[in-house]
Every structure is written in structure tokens, then in C-alpha cells.
Amino acid sequence: MSIEVRAVSKRFGRYRALDGVSLGIEGGELVALLGPSGSGKTSLLRIIAGLEVPDAGSVLFSGRDATGEAPRDRGVGFVFQHYALFRHATVFENVAFGLRVLRRRDRPTEARIAERVHELLSLVQLDGMAGRAPAELSGGQRQRVALARALAVEPRVLLLDEPFGALDAKVRKGLRRWLRRLHDDLAVTSVFVTHDQEEALEVADRVVVMNEGRIEQIGTPDEVYRSPATAFVVEFLGQANVLHGRVDRGRARFGAIAVDAPEHLGALDAPAIGYVRPHDLELARDCAAGPALAATVREVRPLGPIVRVQMQEDATGAALEAEVSRHELEALGLAEGQRVFARPRRWQVFARPDVR
Amino acid sequence: MSQAVSIEEAPLADAERMPAAVGPGRARARRRLLPGFRMTLGITLLYLGFMVLLPLSALALKASTMSGNVFWGTAASARALASYRLSFGASFAAAAVNAVFGLIVAWVLVRYRFPGKRLFDALIDLPFALPTAVAGIALTFLYSPRGWIGAILAKAGIEIAFTPVGVMVALTFIGLPFVVRTVQPVLEDLDREVEEAAACLGATGLQTFRRVIFPTVLPAVATGFALAFARALGEYGSVVFISGNMPMRTEIAPLLIVTRLEQYDYAGATAIAVVLLVSSFALLLLINGLQAWGARAERAEARS
Amino acid sequence: MGSQGRTRRGAVVTDPERRETLARTPSPVAWLLVAIAASFLGLFLVLPLVAVFAQALAKGLGPALAAIADDETLSAIRLTLMTVAIAVPLNVGFGLAASWAIAKFEFCGKSFLVSLIDLPFSVSPVVAGLVFVLLFGARGLLGPALADQGLQVVFAVPGIVLATTFVTFPLVARELIPLMQAQGNEEEEAAITLGASGWQTFRRVTLPKIRWGLLYGVILCAARAMGEFGAVSVVSGHVRGETNTMPLHVEILYDGYDFVGAFAVASLLALTALATLGAKSWIEARGPRRSVA
């Protein structure tokens, strides 16, 4: 089932959680709402679920307006950040809940409920846990019970609020790959909220980057990473070196380096910011390969397979950071205090008005 | 599906058990760092012994000097039995009324905002603070045939003061805070997400209450009920005025003890007191069990 | 990155708002429940309270004040205050000692001790009075021996004080034990390692931490001590002007059909009850904590 969010706004007192947000989600897609805390991503998810009513705008499920519908009529499965398991009930009863509260004529027989619950428990790999109380499970297991409970009612949309937020790093990694595979098997339209860019990029078909109640960019993980639409997206999706320069009629200049910036053809000698990811900064002992930023090495720190090189640009005194392989480092023979030339392979250039 | 999930954590229960296994010895060594244990425990035991245990043992001693026949002759006399029936029956009914309305009051105080809410919240404890004799004469006035409520009911032919119903009214007043004050914190701690989860799963408001909220607050309601019941069983001051004190009809067990005492029938008073005290202790055990149940549920909540 | 960010921001930002939503869209069910709760509380709490004052002033302020200024009333007030002045300090001393021993140390039988401290709550006031009669009465266990020394306990002031102390026995301890347990020992341990003596530690570290709980315990204990009826009634002997506390005086006036007098004295007691509730709200507003007395 497809979801369409049209110009939704929501305020909480003086705080503007969502500001005219529009978004389309295809049936069967797995979409991540990514943003820092307070960006409105959870409010958007709760509005899709019907747990919150928007002040303005509408939510359409498969083209049908569902804005005023109660959560129970929407056919959504919602997995809460802290799972919200019914603590007085066993794992079995938690998963069976949605079936038991069906209207009598729709309610499956007791045997069918048991069968369905056991199917789901084996789907989330919790066979044999049916009789346990939620308190007796680990965080990852509770997460999967919450998922099974949400799936029991065969939702047309699965919504997950920070599904891995409360788990420790190791379990989180395992579970998110598993969730991706589960989604591929079930092919149910899914939306999940996260503040972890790695999680969003790894799991989702498309990523919606949000900031201060607005959508900054919507795209595939590759699109948002390789062609970020705004400075915010660049900064949120990972570390980047920030270079200050000017852009004039489609050509940006940062010290010794000039690059094409075709998206800024209209700019007339405007201040600009250039972003370069540390792994996109190529280091050399001389500037034979072309124009480069002259810098002095301040620190060389090996981090597992890669080496982080901290530098200071000679012209501006700005800090630069590059990530090179151990192999490259050995070839360069870098040491602290040495002169080095840094040449960016990829750039993102934003004229000042874009810079927030 | 996958083996990726084979990365498992230890269940939390185990993780929590571990430090506990190491804990006590270390904790004890550490705690004894503070001084004053012998002195404070000594004062506690001494005062407890003289103030509580010695007087109560006088009751046991008196009862033990009575022969079985004499004891049961009084403790199980027709008049005594009638007083137990009234005391237990009215206490049970009052506690039941308080369980139902106390739950509603607690819900309203936790969930809704309305004018006067803070005042109502503060007023809940009135029965703890108001001397029982004051409550007794006020209720008697209200429900007597010439009182504000009694006059209205008298027109409908309903009598409350000087009937068993009057006893129940007084006991309801006395037990009112217990259910409210035990349920309130549980409702406050109730995770709103749990209700939202139920709503997403298709439950109606009533189903959410019946299947999610009620099972969660049930231990607290039961504890509050038992506390109110136990309090009502021994209550004297608020009841003597409104009950009319007619033997066999509106005479509660504590009143019968007083009557026996006034007749210098110490043995008779003791026999009934022993019955009352044993019932109270049984209730105390029940309440402890209920509180343990509630605490278990709360711990489960804290972890899930 | 942990989950902290969202929890911090999310909880702080969305929580008050959700409550607001609820207040903004009151459902009929909400109205009905508020109405039921308000009627129940109105019928059982507000109306009796109003009745006390209304009846006291039924014949105007003059007769009410006259009833209070009456010699027997004044002697009842004196006896009540004296009882409070003895019972409360005793129970405060005990409460402090018991809570220190129980909250700061581990020892076997601790939970049993806590149950014993609660014991007087589950004893009917009438039974509480009875045990003192059995102990100190003319035919009691210790009564004759004490009578030989010229000391009468039952049907006299000492009995009233004893019975009142028994009934209010757990109140201070019950306020302090959970409070001190929740606060833990770290600060006291720090004080000891800094060279403070046990007494200094208690006075400078523990007492400031528990002062509001202690204050509430004292107020509650005093209010109960003033209002105790059943136990005191059994041991008092109802000697007019000698062994009457305020609640007993209310009963005597009421039984003598002096309703204005009875309700006038009752309204004094009701005022102290209201002051107790006010103090409780005030103390709770300074630190979030609650208890079932």
C-alpha cells in the first residue's frame, strides 16, 4: 500500500514539529526518516500512524484520505522505541493481542490464533519463548516480540520508531540486516525513524533526511550520500572538511583550487562553502598532479585498516582531515610536521544562501 | 531468515542476577562503615518491645488463661457472630465501593485536567487526617432523617443512619484514600506507549482498558481494597455515632468489645479482640502478598 | 550515537504536548468520569466537612465560640496538647532510630522488623485500648503493682498518653524508612571518610536530606494523636475535665445533645486536619514524593 503525506504541519505549543511536509512512499518500499532529535521525524511517523492528528495537511493511504481515521482503523503496525510490551501478559498473549481484540465475527478461532502466533514467533526466531514474560527477555528479543505483535494483524504498513535505538551496538548491527531481509520477504510498506545515518543508509530503499520540521532531501542512500542537496545533509551524513571560498558564474575557487560548480551558474562572486569527505582527500608529497591545498601534518593516527591524518592548511590555518589506507601512508612516508599537498577528489559546493 | 541474529545478548534477568551474587558480602562490609547500628537497633527493639509487643502479649496472655469453652462461648456467641457479620459485611461492601470509585477517582486525577483538581487531590487524604469522631458526627448529621441527605432520602422511604447501610457509609469514608493512593502512582507510571500500541493493534478504548490498563493496575486495586477492608474492620470512632448500636443489628465487633469492657467482662472483650486481631493479621499477610505481587509487576515494567 | 538524543529531546518535547491534546479534546467519557469522581468526592469528603462547620455555626458565631471557651473544652484542649507533646517526640525519636538502623544497614530479620513496626496500624484502636486496660487495669498484669506505688495508668492521663503513642507509633518511621532507603548511603559514607563523627554525619548530612519527610511525619503524627478516639475512649474512663481529650469531649457534648458545642469543638479538629492536608501539599510541592499513610 502506498502512503502520501500532503503539506502536513504540526505544532506543539510554541515548538514547530512539522512545517508543511510532503512525502510519497511507494507500496512495498522501506523508507528511513533520518534526522537529528527535534527534526520532526517521530512526529511524522506518529501522524502516519494516526497517533497524532496534524494541524494542517492530510495523509492518504493508497489514495484514500485517512487523516481523520483512528489508528485502529488504519491497518498500521507500529513498533515503539521502547517496545511498549504488555508487561502483565506473556509473549504469546502479547503477539495474540491484535487478533483477540478483533470483532467477534472476524476473530480467528483459538486454534488458528495459536497457529498464527507460533508462525510469527518462529519468523522472529523466538520459538519456545511463548510462555515467557517480557521481563525475562533481552532487549533484542523484546524488540522482536514487538515486531511479531505488530505483524500479527497483517498490517498494510509497518511503522518503526527508532527500532534499534535502545539496543547496544553489536545487537543493533545484527538486527538491522535481519530487518532488511524480513522486509524483503514480507514486502510490506515500511517506514522507520532513526537518527543514525549508517542505519538509514544500510537498511532503507530511500532515505528522507529531515531537519527542523522540514524535509531536506529524499533519495536513495547513494543519492543522498553522493549528491547531498543541502549543506545540512552533507554535515549530517558524516564528517566533512569545510572550505571557505567564492563562487562566480559556475566556477568555485578555494585557495589554489578551482572547481566547476554548474549548479551555481547564476552566482556572481558570492561566498561559497565547499565540503570534502576525509576519504575524498588525496594526499601527495608534491603538487605535480595538479592544484592542491598546501598543508602541514599535525597528527597521524592509525584507526584499524585506515589512517587518519590531521593537517593544518598553510594559507588559512584551517584544520583538514584525510583518511588514507595504511598502504598509501607507507608509500607517502608521512610524519608529523611534514609538508603535504591535499587534493580533493569529490566536492560539494554551496553558495552562501544555502549554508544554514 | 538469517543467522545474523545469532548475535545475542544475555537475558537481562541474568545480567541483573550477577552483581547480586557478588553483592551482599561486599555491601554488608561497606554498609557497616557507618556507625550507630547497635545503638539505633537497640532503641528500636527496646521501644518496639515495650510499646507494642508487651501490650499485645498481655492480650495473648489473657486469652491463654481462658478455657476453650469460655473463650468460644463468648467469641462465638450469637451476638458476637452478628457483630462479625456486620463488621465483615459492611467493611467488604465499603472496600468494594472504594475499589470501584477509587479507581475512577485515581484515573480522573492522573489523566484529566479540570478546575479544582489540585484541591480534590489534596482532599483525598482527609479521612487520614480528620479525627474519626468528627467524621462520625458529621456523617450522622448528614444521613439522619433531619440531615441534608437523610431528609431527601427519607421522602423516598430510605433510611441510612442507624442501619447497616449507615455503617457502610462511615466505613466508605474511612477507607476512601487507600485505593486512590495505591492506584495513582501505578497509573502515573503507566507507559502511554502501551496504550498506543493497543490502539494500533485495533483495540477499542474499552478493550484497551480491560485488557491492558486494568491488568496493570489490578495488583494496586487489590492492595488498596485489602487496606481499606482492614482499616474498616477495626474502625470504631466514625461508626458508633451513625450505627445506632443496636445489638444483633447494627453493633460492630469493636463496639461489642467496648460494651463488654464497660460491663467489666474483660474475658469477653479479650475473646472478641483476639478474633478481630487474628483477622487483621491474616489481612496483613494478604496485603504483604499483594504488595509483593504489585512490586513484581512494577519491576517487570521497569525492565521492559 | 546512543538513543539518548531522541529520548532527551523527544520526551521533553512531546510529553507535555500529548497531555495538552487530551485536555483540548475532552471526550464524553472523560466528562462522565470526571463527573462521577467529583460527585463521589463531593458526597463523601466535601459535604461532611462543610456540615461540620455549618452545624458549628448553626446558631451563629457566638454560641460556637462560647462552646470553645468553655472550661471543660479548654481542659480537653490542654490534655490533648499535652498528649501530643509527649507522644510525638517519643515517636520521632523512635522513627529516627528505626529508619537509621533499617535504611543504613543490612541484618537478618529486617523485613520482619519492618512488619512489626507496621503492626499497630492493623490493630483496631479499640483493641489497642483494651491491651492497656489488660496490662494496667485494676485486675491487669501490672496494674495492682503500680497502684501500690500510687500510680494509676488506666482511666487516667498516663493511659491516654500510652494508647495515643501506640496508635501513632509507626507514622514517623514509615515516612522516614522508604525515604532514607531511596536516598542511599553514599553521602553519609563520604562524610565518615572525611572524618565526621556519627552524630555529625547525622546532623549535617542526613537530617537536611530527610527534613521534609520528617516534618510531614511529625505533622501526621500530631494530627493523628490529636484525633485518636477509639483507643483513648477505652482507657480514659471519661472523667469530665480530667481525662477528656478533644475527640472524647466532642462525643460527650454530642451525646448530651449539645450539637453546637460538639460541632464547634469538631470544627477545631477539622481545621487542624485541613492544616495537615495543606502542609502535606506544600511539602510535596517541594519534593516529589508520595505515601499511603
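On a predicted model such as this, the values are computed, not experimentally measured, just so you know.

Engineer: Lay out the overall build of chain C in plain terms, naming residues and giving numbers.
Structural biologist: In terms of helices and strands, chain C carries 14 helices and zero strands. Listing the helices and strands of chain C from first to last along the sequence gives α-α-α-α-α-α-α-α-α-α-α-α-α-α. In chain C, the share of contacts with a sequence separation of at least 24, taken over all contacts with a separation of at least 6, comes to 71%. When the accessible area of chain C is evaluated, it comes to approximately 12500 Å², of which 65% is carbon and sulfur surface.

Engineer: Outline the confidence of the model for chain C, supporting the account with residue identities and numerical values.
Structural biologist: Residue and element names in this part refer to chain C. Across chain C, the average pLDDT comes to 84, with 87% of residues at or above 70. Note on residues 1-24: pLDDT under 50 across the span, and 40 contacts to partners over four residues away in sequence or across chains. With pLDDT under 50 throughout, residues 288-293 is counted as low confidence; its partners more than four residues away or in other chains account for 19 contacts. If you check the scores for this complex, the pTM reads 0.79 and the ipTM reads 0.85.

Engineer: Describe the side chain of A:Thr42, naming the residues involved and giving the relevant values.
Structural biologist: Along the chain, the position of A:Thr42 falls in helix 1 (residues 41-49). A distance of 3.5 Å separates the side chain of A:Thr42 from the side chain of A:Asp161, its partner in a polar contact.

Engineer: Outline the packing of aromatic side chains, listing residues and values.
Structural biologist: Following the criterion strictly, the structure yields 32 aromatic pairs over all chains and no others. Between the aromatic rings of A:Tyr275 and A:Phe350, the centroid separation amounts to 5.9 Å while the plane-to-plane angle is 70 degrees, which identifies the pairing as edge-to-face. Separated by 75 residues along the polypeptide, A:Tyr275 in strand 14 (residues 270-276) and A:Phe350 in strand 20 (residues 348-351) bring together distant segments of the chain. Of the residues examined, A:Tyr275 reaches a relative accessible area of 3% and is grouped as buried. On the numbers, 6.3 Å between centres and 5 degrees between planes, the contact of B:Phe225 with B:Phe229 is stacked. Of this pair, B:Phe225 and B:Phe229 both sit in helix 11 (residues 205-234), four residues apart, which is roughly one turn of that helix. Just above the ring of A:Phe86 sits the side chain of A:Arg149; from NZ or CZ to the centre is 4.6 Å. If you follow C:Lys104 out to its NZ or CZ, it ends over the ring of C:Trp100, 5.7 Å from the centre.

Engineer: Could you give an account of unusual backbone geometry, with specific residues and numbers?
Structural biologist: The general pattern is negative phi for most residues beyond glycine and trans for most peptide bonds. All names here are of chain A. Notably, Glu 162 is not glycine yet its phi reads approximately 45 degrees, a positive angle. Tracing the backbone shows Glu 162 in the loop between strand 7 (157-161) and helix 6 (169-186). Residue Glu 162 is classed as buried on the basis of its relative accessible area, which comes to 1%.

Engineer: Before we move on, can you summarise the sheet that holds strand 1 (residues 3-12) of chain A with the specific residues and values?
Structural biologist: Read from one edge of the open sheet, four strands run 2-1-4-5 (chain A), paired in antiparallel fashion. If you trace the sheet from one side to the other, it starts and ends with strand 2 (15-25) and strand 5 (64-65) of chain A, each paired once.

Engineer: I'd like a rundown of the sheet that holds strand 19 (residues 339-344) of chain A, residues and numbers included.
Structural biologist: Whether parallel or antiparallel, the strands of a sheet pair through hydrogen bonds between backbone atoms. Residue and element names in this part refer to chain A. If you trace the five strands from one edge of the open sheet to the other, you get 15-19-16-17-18, paired in antiparallel fashion. Bordering the open sheet on either side are strand 15 (281-284) and strand 18 (319-325), each of which pairs with just one other strand. Going from strand to strand, the sheet's axes swing by 45 degrees on average, the running direction of each strand aside. Where strand 16 (residues 293-303) and strand 19 come together, four bridges link them in antiparallel fashion.

Engineer: Describe the environment of A:Val124, listing the residues and the values that go with them.
Structural biologist: Residue and element names in this part refer to chain A. Tracing the chain through its elements places Val 124 in the loop between helix 4 (110-123) and helix 5 (139-152). Residues Val 124 and Pro 163 lie 39 residues apart in sequence; the distance between their C-alpha atoms is 14 Å. Excluding residues within four positions of it along the chain, Val 124 makes contact with Arg 144, Ala 148 and Trp 178.

Engineer: Residues and numbers for empty space enclosed by the protein, please.
Structural biologist: Tallying each qualifying case throughout the model produces 13 cavities of 30 Å³ or more. In this structure, the second largest cavity spans a volume of roughly 60 Å³. A breakdown of the residues in the lining of the second largest cavity according to their chemical character gives seven nonpolar, one polar and three charged.

Engineer: Outline the side chain of A:His183, supporting the account with residue identities and numerical values.
Structural biologist: All names here are of chain A. Its place among the elements puts His 183 in helix 6. The exposure class assigned to His 183 is buried, which follows from its relative accessible area of 6%. At a separation of 3.2 Å, a polar atom in the side chain of His 183 contacts the main-chain carbonyl oxygen of Gly 28. A distance of 2.9 Å separates the side chain of His 183 from the backbone oxygen of Val 188, its partner in a polar contact. Those residues in contact with His 183, other than ones at most four positions away along the chain, are Gly 28, Glu 29, Leu 30, Val 188, Ser 190 and Asp 205.

Engineer: Provide a residue-level description of helix 3 (residues 61-69) of chain C, including the pertinent values.
Structural biologist: Residues and elements named next belong to chain C. Here helix 3 has its buried residues at Ala 64, Ala 67 and Ile 68. For helix 3, the arc enclosing every buried residue in end-on projection is 100 degrees, short of the 170-degree limit, so these residues lie on one face. Where helix 3 is buried, its residues meet helix 2 (28-56), helix 4 (71-104) and helix 14 (259-286).

Engineer: Break down the interface of chain B and chain C for me, with residues and values.
Structural biologist: The figure often quoted for interface size is the accessible area lost as the parts come together. Listed as interface residues are 93 residues of chain B and, on the opposing side, 89 residues of chain C. Where chain B meets chain C, there are one salt bridge. Note that B:Asp125 is salt-bridged to C:Lys280, the shortest N-O span being 2.4 Å. In this assembly, chain B and chain C are joined by seven residue pairs in polar contact (both at pLDDT 80 or more).

Engineer: Hey, could you go over the pairing of strand 8 (residues 189-194) of chain A for me, with residue numbers and the actual values?
Structural biologist: Residues and elements named next belong to chain A. With six of six residues buried, strand 8 is to be regarded as a mostly interior element. Sheet topology places strand 3 (residues 30-34) next to strand 8; five bridges connect them, and they run parallel. Each residue of the ladder has a partner; that of Leu 33, found in strand 8, is Val 193. In terms of handedness, the path from strand 7 via helix 6 over to strand 8 forms a crossover that is right-handed.

Calculation criteria
- Residues numbered from 1 in each chain as written.
- Chains lettered and ligands numbered in written order.
- Predicted model: local features only at pLDDT ≥ 70, side-chain atom pairs only at ≥ 80, totals over all residues.
- Heavy atoms only, no water.
- Helix = DSSP H or I, 4+ residues; strand = E, 2+ residues; numbered from the N terminus.
- Contact = heavy atoms within 4.5 Å.
- Areas by Shrake-Rupley, 256 points an atom, 1.4 Å probe, with all protein chains shown as cover.
- pLDDT = per-residue confidence, 0-100.
- Polar contact = N/O pair within 3.5 Å; in protein donor to acceptor, adjacent residues only side chain to side chain.
- Phe/Tyr/Trp six-rings, centres within 6.5 Å; stacked < 30°, edge-to-face > 60°.
- Buried < 20%, exposed > 50% of the residue type's maximum accessible area, 1.4 Å probe, protein only.
- Lys NZ or Arg CZ within 6 Å of the ring centre and 35° of its normal.
- Pairing = 2+ DSSP bridges.
- Axes fitted to C-alpha atoms, helices over the stretch in contact; angles between N-to-C directions.
- 1 Å grid on protein atoms, 1.4 Å probe; cavity = no way out; pocket = protein on both sides within 12 Å on 5 of 7 lines; lining within 4 Å.
- Points joined across faces, edges and corners; volume = space filled by probe spheres on them.
- Nonpolar A, V, L, I, M, F, W, Y, C, P; charged D, E, K, R; others polar.
- Arc of directions from axis to C-beta.
- Salt bridge = Lys/Arg side-chain N within 4 Å of Asp/Glu carboxyl O.
- Right-handed = clockwise from strand over helix to strand, strands pointing away.

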